[in-house]
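# Examining the three-dimensional arrangement
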Amino acid sequence: MDYNYRLKQLTFFGGPSAGSPATLLNLPNLTILVGPNSGGKSQTLRDIVTLTASNRGAEGGVTLGQAVTTLPRSAAELATRYDLRPAPHSGHQQVLRYIGVDLAEGGATVLQSHLKWPEDYDRIVKTPDQFASLFGSSLTAYLRTENRLSLVNKKPAGDSNAEYANLPLAIYRKGTEIERRIRRTVSAAFPGIEIALDFSDLYQIGFRVGKGLASISGDPRDTSPELKKAAWLDDQGDGLRSYLAVVAVLTALERPVVLLDEPEVFLHPSQAFKLGRFIAQQASDSCQIIVATHSAELLRGIILEPSAPLVIRLERVEERSFVRPLDSASLKEILTDPLLSGSGVLAGIFSTAVLVTEGDSDSRFYQTLLRKLKPALDVHVINADNKQTIPKVMKMYHRLGIRCVGVVDIDVVNDPTQLRQALETLEVDPEQSKKAVDACRKICKEVAGNPSARLSSLLEGLSNTLNQFPSVAERTNPDDLNAQIDAIRASLRDLRDDASCWKEAKMKGRDALTECRADFEGLITTLGTARLIVNPFGELESTLVELGIPWRKKKREWLGDALGKLDSMDSTACPNLREFAQQILTTLELPA
C-alpha cells in the first residue's frame with residue numbers, strides 16, 4: 001500500500017458535556033468544523049499547524065492537545081511519494097525546498113551535512129517529534145482568510161527557486177492540463193468569466209481575466225498580445241480571487257493535508273455551495289481536507305456529495321470547550337426532508353442555540369425581542385411554517401446536541417390527537433404524555449363552551465352580511481362585481497374567525513380559562529420539560545397588550561406596530577413580556 005501522510009487522530013480539549021475532559025476523534029478524508037463564532041474552529045486549524053510542525057501541543061492552545069500522523073516506513077518512501085529532492089544550500093549543506101505552510105512564501109528544510117538523504121534518515125522519519133519538525137510544514141497547506149486573496153496575485157518568475165515560493169509558478173510547473181482544470185472549475189462558478197495564466201513575461205507570472213481566454217494556449221510569444229488585452233486578476237473582486245486560490249491549491253499543489261479557514265468568505269451563497277461540492281470531490285486518501293466554516297451553503301454542498309465527512313461542532317461556554325461529532329444521517333435528513341430543507345434548519349448548527357416558531361411573523365417578533373433584551377446573544381430563530389412541524393425540527397436539533405426551544409400559541413392544545421403526536425415526537429414520558437392529553441381534552445371542552453350560541457351568532461352574521469350587499473341584478477359593471485366578491489369574502493373570513501371557540505383564548509391566553517386553569521398550568525409545565533413553550537398571552541397578536549398594542553385580526557399590520565414598539569421599549573416596561581422572554585432564555589440555558 002502506498003504511503004499517504006495524513007492526520008489519523010486529533011485529541012480535543014473538552015467533549016459533548018461539561019464533565020468530558022477530552023475527546024479523541026479519528027479523522028476521515030474530509031473533516032468539517034462548525035459551530036458558533038468564537039467556538040474554536042479557526043483556533044483548531046492553527047493548533048493543527050503547530051502540532052504538525054512540532055508534534056507538541058500549541059503553546060496556550062485552546063482546542064487541541066495532540067495530533068497523531070502517519071509515518072513512512074523509510075525516508076526513501078517519503079522522498080519518492082512526495083518528490084522530496086535536495087537542492088544545494090550553503091557550503092556542503094542541502095535543503096528540501098517547498099512553498100511554506102501558509103503558502104505565502106518559500107520554506108526549506110535544511111538537511112544535516114553529515115547525513116545522506118534519504119539513506120541516513122530512516123530513524124528520523126520514524127520518530128514523531130523529529131518527523132514533524134523536519135517535514136510537517138512541507139506536507140501541510142493552510143489557507144488563511146487573511147492571505148488567501150494574495151496567493152494568486154502576480155508573482156516574481158525569474159528566481160530559480162521561485163517554484164517553491166509562489167502558487168502561480170507552481171501551477172505553471174504542473175502543466176497545461178492542470179491549468180485547464182482550474183480554469184474550467186472557476187468559470188463554472190463564475191459564468192461569463194474566463195481566466196488564463198499569463199507567463200509571457202520573463203519577470204512575473206499571474207492570472208488574467210477577460211473574454212475569449214478559454215481558447216488561448218501555445219507559445220507565450222504568440223499569446224502575449226491577446227493576454228495583455230485582459231485585466232490582471234489582482235484588480236478583480238475578492239470572491240473570484242478567493243475561489244481561485246482554493247481551487248488552485250486543491251488542484252495543483254498536491255499537499256496531503258489541506259486546512260481551509262472559512263473558504264466561503266467573499267462568496268455569494270450559490271458560489272459557496274459549488275465550492276463545497278468541489279471541496280468534497282477533492283478529498284481522498286491522498287488529499288485530506290479539514291475545513292472550518294460558518295456557511296450553511298458550503299456545508300450543504302459538501303454533505304450532498306457522497307464524501308462521508310466528519311462534521312464536528314465546537315463551542316466555547318464560559319471558558320469550557322464542548323466538542324460533539326454530528327450525526328451524518330441527521331445532517332443528510334435536514335437537506336433531503338422537504339419540511340426541513342427550506343426552513344433554515346441547517347444554519348442553526350452555527351449558533352449557540354435555536355428558537356423555533358410557527359411562522360415568519362413570529363420569527364421576526366422573537367428575533368427582535370431577544371435582540372432588544374440581550375443584543376449579544378447568538379440565537380438562531382427559524383420559522384417552521386406551522387405548529388405541527390415544530391416538534392420535528394426540535395427533535396432534529398436535540399439529536400445533534402444543539403440547545404433548542406419551540407414557542408407555540410395557546411391553540412397548540414386545541415387537538416388532543418395532534419398534541420399526543422407532538423409529545424411522542426419530543427419523547428415525553430408516556431405517563432406524563434397521557435396526563436397532558438387528558439388535560440387537553442378538558443381544556444378543549446371548556447373552550448368549546450355552548451356551540452348553539454356560537455352557531456346562532458354565526459347564522460345571524462351570515463344574514464347581515466348578505467343583506468348589506470345589493471343583488472347581482474343591480475350591478476353589471478365587472479369591477480363592481482369583483483369588489484363585491486372581495487368584500488363578501490373578507491366578511492366571511494371575519495365571521496369564521498369570530499365563530500372560533502378559541503378566539504377568546506387567543507386574545508386573553510391563560511386568563512380566558514376558569515374551570516381548567518390548573519389543568520392548563522400542568523400541561524404547559526409538561527410541555528416546558530420538553531422545551532416547548534406556550535405563549536401565555538394566547539397568540540402573537542396578544543403579546544403586547546400591556547404596551548398599548550391591542551389584539552388585531554390583521555397580523556401584518558399588528559407586526560409593523562409591534563416591532564416599532566419593541567425597538568423603543570423602555571428597560572423597565574412590559575414586565576410580563578420580559579418574564580416570558582426570560583423563560584425562553586432559561587430553557588435555552590442562556591443568561592437571562
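Residues numbered from 1 in each chain as written. Predicted model: local features only at pLDDT ≥ 70, side-chain atom pairs only at ≥ 80, totals over all residues. Heavy atoms only, no water.

With the rule as written, the count across this model stands at 11 aromatic pairs. Taken together, a centroid distance of 5.6 Å and an interplanar angle of 45 degrees make the contact between F131 and F135 tilted. Of this pair, F131 and F135 both sit in helix α4 (residues 128-135), separated by 4 residues, roughly a single helical turn. Since its relative accessible area comes to 1%, F131 is described here as buried. Pairing F537 with F580 gives two aromatic rings, centres 6.0 Å apart and planes at 80 degrees, and the pair type is edge-to-face. Taken together, the residues F537 in the loop between β20 (532-534) and α21 (555-567) and F580 in helix α22 (residues 575-587) connect sequence positions 43 residues apart. Relative accessible area serves as the criterion here: at 2%, F580 is assigned to the buried category. Linked through ring pairs, Y5, W117, Y121, F131 and F135 together constitute an aromatic cluster. Between R208 and the ring centre of W232, over which it is positioned, the NZ or CZ distance is 3.7 Å. (Phe/Tyr/Trp six-rings, centres within 6.5 Å; stacked < 30°, edge-to-face > 60°. Helix = DSSP H or I, 4+ residues; strand = E, 2+ residues; numbered from the N terminus. Buried < 20%, exposed > 50% of the residue type's maximum accessible area, 1.4 Å probe, protein only. Lys NZ or Arg CZ within 6 Å of the ring centre and 35° of its normal.)

By the criterion of burial, strand β13 (residues 257-261) is predominantly enclosed, with 5 of the 5 residues buried. With burial as the criterion, each face of β13 is covered, one bearing V257, L259 and D261 and the other bearing V258 and L260. Across 4 bridges, strand β8 (residues 140-143) lies against β13 in parallel orientation. Its bridge partner lying in β13, T140 is registered against V257. Note: β13 against strand β14 (residues 288-292), 5 bridges, orientation parallel. Note on β14: the bridge partner recorded for V258 is I289. Following the backbone out of β13, through helix α9 (residues 269-282) and into the adjacent parallel β14, one traces a crossover that is right-handed. (Pairing = 2+ DSSP bridges. Right-handed = clockwise from strand over helix to strand, strands pointing away.)

These figures capture arrangement, not role.
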